[in-house]
Amino acid sequence: MKAIVLEAPRRSVAVADKPMPEIGPDEVLIQVQACGICATDLKMFKGEYSGCLPVTPGHEFTGRAVKVGDKVTRIKAGDRVVADPNESCGTCGACRTAHSTFCETMAGYGVYTDGGLAEYAKAKEKGLYLVPENLPPEIAAFVEPISCALHGIEQAGIRQGDNVVIIGAGTMGQLLLQMARNTGAAKLIHVDRIAWKLEVSKAYGATDVVDGSKADPIEAVKALTGGKGADVVIEAVGHPSVLEMAMDMVAQGGRIVQFGFPAEGVKAQIEPFQILKKELTLVGSWINPYTYERALHMLSSGKLRVDHLVTHLLKLEDYEKAIHLIETQPQGFMKSIIMVHPE
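We now turn to the structure provided with this report. On a predicted model such as this, the values are computed, not experimentally measured, just so you know.

## Comments concerning the sheet that holds strand β12 (residues 250-258)
Moving on, step 1. Spatial strand order, β10-β9-β8-β11-β12-β13: six strands in an open sheet with parallel pairing. Single-partner strands in this sheet number two, and they are β10 (208-211) and β13 (281-284). For this sheet the average axis-to-axis angle between neighbouring strands, irrespective of direction, equals 15°.
Moving on, step 2. With five bridges connecting them, strand β11 (residues 230-235) and β12 associate as parallel partners. Considered in β12, the bridge of V233 is made with I256.
Moving on, step 3. Of the strands in this sheet, β8 (163-167), β9 (187-192) and β11 touch helix α4 (residues 171-180), which is tilted by about 175° from β9.
Moving on, step 4. Sheet strands in contact with helix α6 (residues 217-224) are β8, β9, β10 and β11, and its direction is about 165° off that of β9.

## Side note on unusual backbone geometry
Moving on, step 1. Here the amide bond leading from L53 into P54 is cis, since omega sits at 0°, within 30 degrees of zero.
Moving on, step 2. Even without a glycine there, the phi angle at A98 is positive, about 60°.
Moving on, step 3. Within the secondary structure, A98 sits in the loop between β5 (80-83) and β6 (120-124).
Moving on, step 4. Accessibility expressed as a relative area gives 52% for A98, which makes it exposed.
Moving on, step 5. Not every positive phi belongs to a glycine, and Y290 is a case in point at roughly 60°.
Moving on, step 6. Mapped onto the secondary structure, Y290 falls in the loop between β13 and α9 (292-301).
Moving on, step 7. Note on Y290: relative accessible area 52%, which makes it exposed.

## A few points about the layout of surface pockets
Moving on, step 1. Within this model, the second largest pocket holds a volume of roughly 330 Å³.
Moving on, step 2. For the second largest pocket, the lining is made up of 20 residues, of which D84, N86, S88, S100 and Y129 are closest to its centre.
Moving on, step 3. Among the elements that line the lining of the second largest pocket, the one with the most residues is α9, at three residues.
Moving on, step 4. Among the residues forming the lining of the second largest pocket, the class breakdown is seven nonpolar, seven polar and six charged.

## Some points on the pattern of salt bridges
Moving on, step 1. Per the counting criterion, the structure on display carries 14 salt bridges.
Moving on, step 2. Residues E27 and K122 are paired through a salt bridge, measuring 3.7 Å at the closest nitrogen-oxygen approach. Taken together, the positions of E27 in strand β3 (residues 27-36) and K122 in strand β6 put the pair 95 residues apart, joining distant regions of the chain.
Moving on, step 3. Residue class for E27 comes out buried when judged on its relative accessible area of 11%.
Moving on, step 4. Given a relative accessible area of 32%, K122 falls into the partly exposed group.

## A look at the packing of helix α1 (residues 39-46) against helix α10 (residues 319-328)
Moving on, step 1. Contact geometry of α1 with α10 gives a least axis separation of 10 Å together with a crossing angle of 105°. When the axes of α1 and α10 are compared, the pair comes out roughly perpendicular. Contact residues: A39, D41, L42, F45 and K46 in α1; Y319, I323, I326 and E327 in α10.
Moving on, step 2. A class-by-class count of the residues in the contact of α1 with α10 yields six nonpolar, no polar and three charged.

## Digging into the packing of aromatic side chains
Each pair of aromatic rings is reported with the distance of its centres and the angle of its planes.
Moving on, step 1. Enumeration over the complete set of coordinates arrives at five aromatic pairs.
Moving on, step 2. On the numbers, 5.2 Å between centres and 35° between planes, the contact of Y129 with Y292 is tilted. You can see Y129 sitting in strand β7 (residues 128-130) and its partner Y292 sitting in helix α9, a full 163 residues away along the chain. You'll find Y129 and Y292 in the same group, each marked buried.
Moving on, step 3. On the numbers, 6.0 Å between centres and 80° between planes, the contact of F261 with W286 is edge-to-face. Of this pair, F261 sits in the loop between β12 and α8 (272-278) while W286 sits in the loop between β13 and α9; the two residues are 25 residues apart in sequence, bridging distant segments of the chain.
Moving on, step 4. The class of F261 is buried, set by a relative accessible area of 18%.
Moving on, step 5. Counting every residue linked through ring pairs, the aromatic cluster contains Y49, F261 and W286.

Reading the values: the criteria
Residues numbered from 1 in each chain as written. Predicted model: local features only at pLDDT ≥ 70, side-chain atom pairs only at ≥ 80, totals over all residues. Heavy atoms only, no water. Pairing = 2+ DSSP bridges. Helix = DSSP H or I, 4+ residues; strand = E, 2+ residues; numbered from the N terminus. Axes fitted to C-alpha atoms, helices over the stretch in contact; angles between N-to-C directions. Contact = heavy atoms within 4.5 Å. Buried < 20%, exposed > 50% of the residue type's maximum accessible area, 1.4 Å probe, protein only. 1 Å grid on protein atoms, 1.4 Å probe; cavity = no way out; pocket = protein on both sides within 12 Å on 5 of 7 lines; lining within 4 Å. Points joined across faces, edges and corners; volume = space filled by probe spheres on them. Nonpolar A, V, L, I, M, F, W, Y, C, P; charged D, E, K, R; others polar. Salt bridge = Lys/Arg side-chain N within 4 Å of Asp/Glu carboxyl O. Parallel < 35°, antiparallel > 145°, perpendicular 65-115°, else oblique. Phe/Tyr/Trp six-rings, centres within 6.5 Å; stacked < 30°, edge-to-face > 60°.

Written as structure tokens, this is what we have:
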């Protein structure tokens, strides 16, 4: 079969001939239909996130089951499925205390084990969810990023009447915005430096937008909140300077969520006295514990719109182009989906 193989950072990404995956008794062989490309893929490509190379990347994948193991009971050949790529063991200390995010042996399809940028992939039945036939593959591929955004919103702990800032109006920022719209927040302020993305934000729930290329975001947020600052700030960029900015725009007693994916090892400069004096809460949001099924329900019910976020449909051999797009962020780009077997 054809597959992408990432052999080393920024080197030797190719469409290679690989053997078909061999499934175990609790696994399913999937003919991949579509796979999304996100910041994790970019970080791995650049060597800023330590996966396990060589590997076939791709963790936002959906497809059709073509073969099932002897112990598989819930999935049958022909079913459309989407795979939760974060396969926890269920038996380690973290898993047994409802902290599967920190599983000691997390499989991580597309990061630690082969993922969905191939004609065929395999996954354990326990991490597979049935996809409605009327959900196009390029839309079904959004279940994984939606599940991560859902966890981020839950980490934010938004209360009715809160003033909320989301910094970053890319794909994940747009998903967070739509979800935050349903929390009862009084103001939803979206901050970015790209004007056309902020126009999308206005159409999908932002009460206010701040163009960081034209105004000081900290002063703008304070002006929009009567000088108080935001009750909740969600950092959805993944750059240390944005976390520093969040510290200055959050209100006393406020909450900051580090949702964006920074490169491993980078450091931000923050003032501990601010945390003390303002009694701030700073939390992270890592992957998607216990949110996958709800994410699929949100998507299939139509409560969350993602069709406007799909700006590029590409082929398997266009993987490096997809990486280039997400790295350079050209005008009009939001998200690429690799169509493998689109039917």
